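Geometric and topological summary
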Amino acid sequence: MNTKKLIEKKDWHYYVYEENNSITLSVPIPKPNPGFDILYTLNESEKEKYVSTGIKSLENRIEDMKTNFSNYEMNSWR
């Protein structure tokens, strides 16, 4: 059974999930309307850095996701 497990969050800033040995970063953004969760699955290098140093290693990725959201998978809040 595949289960998505929340491993870290800062409400309305980021959420980190683990599922099937993959780590996914979700960043909520209010615009464009109606608001979206921007999703990115970490590559092996990013995953190793995250496991060893935590969310600090993903700060640049989070900022890029907020700025260049159209380059990522987007899930509408509706």
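Refer to the preceding data block for the structure.
Let us look at the structure shown here. (Residues numbered from 1 in each chain as written. Predicted model: local features only at pLDDT ≥ 70, side-chain atom pairs only at ≥ 80, totals over all residues. Heavy atoms only, no water.)

**Thoughts on the side chain of K47**
Turning to its location among the elements, K47 is positioned in helix α1 (residues 44–53). The side chain of K47 sits in the buried core without any salt bridge; E44 is the nearest counter-charge, 4.4 Å away. Dropping the residues within four chain positions of it, K47 is found in contact with N21, S22, I23 and L42. (Helix = DSSP H or I, 4+ residues; strand = E, 2+ residues; numbered from the N terminus. Buried < 20%, exposed > 50% of the residue type's maximum accessible area, 1.4 Å probe, protein only. Lys, Arg positive; Asp, Glu negative; His and termini not counted. Salt bridge = Lys/Arg side-chain N within 4 Å of Asp/Glu carboxyl O. Contact = heavy atoms within 4.5 Å.)

**Some words on the pairing of strand β2 (residues 14–19)**
Summarising the sheet, strand β1 (residues 5–10) and β2 pair through 5 bridges and their orientation is antiparallel. Across the sheet, residue E8 finds its bridge partner in β2, namely V16. If you look at the hairpin formed by β1 and β2, you'll find 3 residues sitting between the two strands, and W12 has a positive phi there, around 65 degrees. Adjacent in sequence and paired antiparallel, β2 and strand β3 (residues 22–29) are bridged by 2 residues, among which N20 carries a positive phi angle near 55 degrees. (Pairing = 2+ DSSP bridges.)

**Regarding unusual backbone geometry**
The amide bond that connects K31 to the next residue, P32, takes the cis arrangement and shows omega of 10 degrees. As for its position among the elements, P32 is in the loop between β3 and β4 (36–41). In this structure, W12 takes a positive phi of about 65 degrees despite not being glycine. Looking at where W12 falls in the secondary structure, it is placed in the loop between β1 and β2. On the basis of relative accessibility, which here comes to 60%, the residue W12 falls in the exposed class. Unlike most non-glycine residues, N21 shows phi in positive territory, near 65 degrees. Along the chain, N21 turns up in the loop between β2 and β3. Owing to a relative accessible area of 58%, N21 belongs among the exposed residues under this scheme.

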